[in-house]
Amino acid sequence: MITHPSRHCTVELQALPSRIGQVRRIVSAQLRYWHMDLLIDRAVLGVTELLTNVHLHARPDKTCTVEIELLLDRLTVSVRDHDARLPVVDDAEPLATCGRGLAMVAAMSESWGARPDGESGKVVWFTLPTAVTAAPVTAPSVSARPPRRLVEEVPAAAFAEVEHTVDLGTRQPAPARSAVVG
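Here the structure is a predicted model, which means the values were calculated and not measured.

A. Highlighting the nonpolar core. Ranked by internal contacts, the top residues of the largest apolar core, which has 32 residues, are L31 and L75. Elements with a contribution of two residues or more to this core: β2 (8–14), α1 (17–33), α2 (40–57), β3 (63–70), β4 (74–81), α3 (101–108) and β6 (122–129). Excluding its chain neighbours within four sequence positions, the residues that come into contact with L75 are L31, W34, L39, A43, E69, L70, F126, T127, L128 and T130.

Below, the structure is given as structure tokens:
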């Protein structure tokens, strides 16, 4: 079920790999609709990590609800599931293939957390600021640019003259040309 009042979107699903991709597309589309395109990559990364955790760890089932809410100064993404165990951030071994999801969510978000939801569930959430401050765009220094050359400075010998006449009345094979100099 999908509901979306003007600044709120809720999706209920089974946290299965095929459904996680669908939720990523829904989150992307909703943020485009809200004109929050700059938040799409981080929101999609975060929701993917939270849903993957539900898929890998939640018991007794993989049913969950994803909620995104746009407030004046922040976007909140939350995932509610039916497993009361709160997540733990572990230090993953350098060669480990898993165990870094919540650390990534913490690194790319403004804030994140988990809270019990009733007696048999929890909500894991993160926020992103809506006022993205971009670094001012500055022109590269003059010394960093390659020197400019005027067209007149290009030696005439660099251009090979090609003369080819075509008789439009007969079919002729195209002349062979090479990009290799020499």
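B. View of the pattern of salt bridges. Inspection of the entire model under this criterion finds 6 salt bridges. When the shortest N-O distance is used, the salt bridge between E67 and R80 registers 3.4 Å. Here E67 is found in strand β3, whereas its partner R80 is found in strand β4, with 13 residues between them in sequence. Where R74 meets D73, a salt bridge forms, and the shortest distance between an N and an O atom there is 3.4 Å. According to the relative accessible area criterion, D73 is partly exposed, its value standing at 40%.

C. Representation of the packing of α2 against α3 within the structure. Remark: α2 packs on α3, axes separated minimally by 9 Å, with the N-to-C direction vectors making an angle of 155°. Considering their axes alone, α2 and α3 lie roughly antiparallel with respect to each other. Viewed along their axes, α2 and α3 form a crossing whose handedness is left-handed. Within the contact between the two elements, α2 uses R42, L45, G46, E49, L50 and N53 and α3 uses G101, L102, M104, V105 and M108.

Reading the values: rules and limits
- Residues numbered from 1 in each chain as written.
- Predicted model: local features only at pLDDT ≥ 70, side-chain atom pairs only at ≥ 80, totals over all residues.
- Heavy atoms only, no water.
- Core = buried A, V, L, I, M, F, W, Y, C linked by side-chain atoms within 4.5 Å.
- Buried < 20%, exposed > 50% of the residue type's maximum accessible area, 1.4 Å probe, protein only.
- Helix = DSSP H or I, 4+ residues; strand = E, 2+ residues; numbered from the N terminus.
- Contact = heavy atoms within 4.5 Å.
- Salt bridge = Lys/Arg side-chain N within 4 Å of Asp/Glu carboxyl O.
- Axes fitted to C-alpha atoms, helices over the stretch in contact; angles between N-to-C directions.
- Parallel < 35°, antiparallel > 145°, perpendicular 65-115°, else oblique.
- Left-handed = near helix turned anticlockwise from the far one by under 90°.

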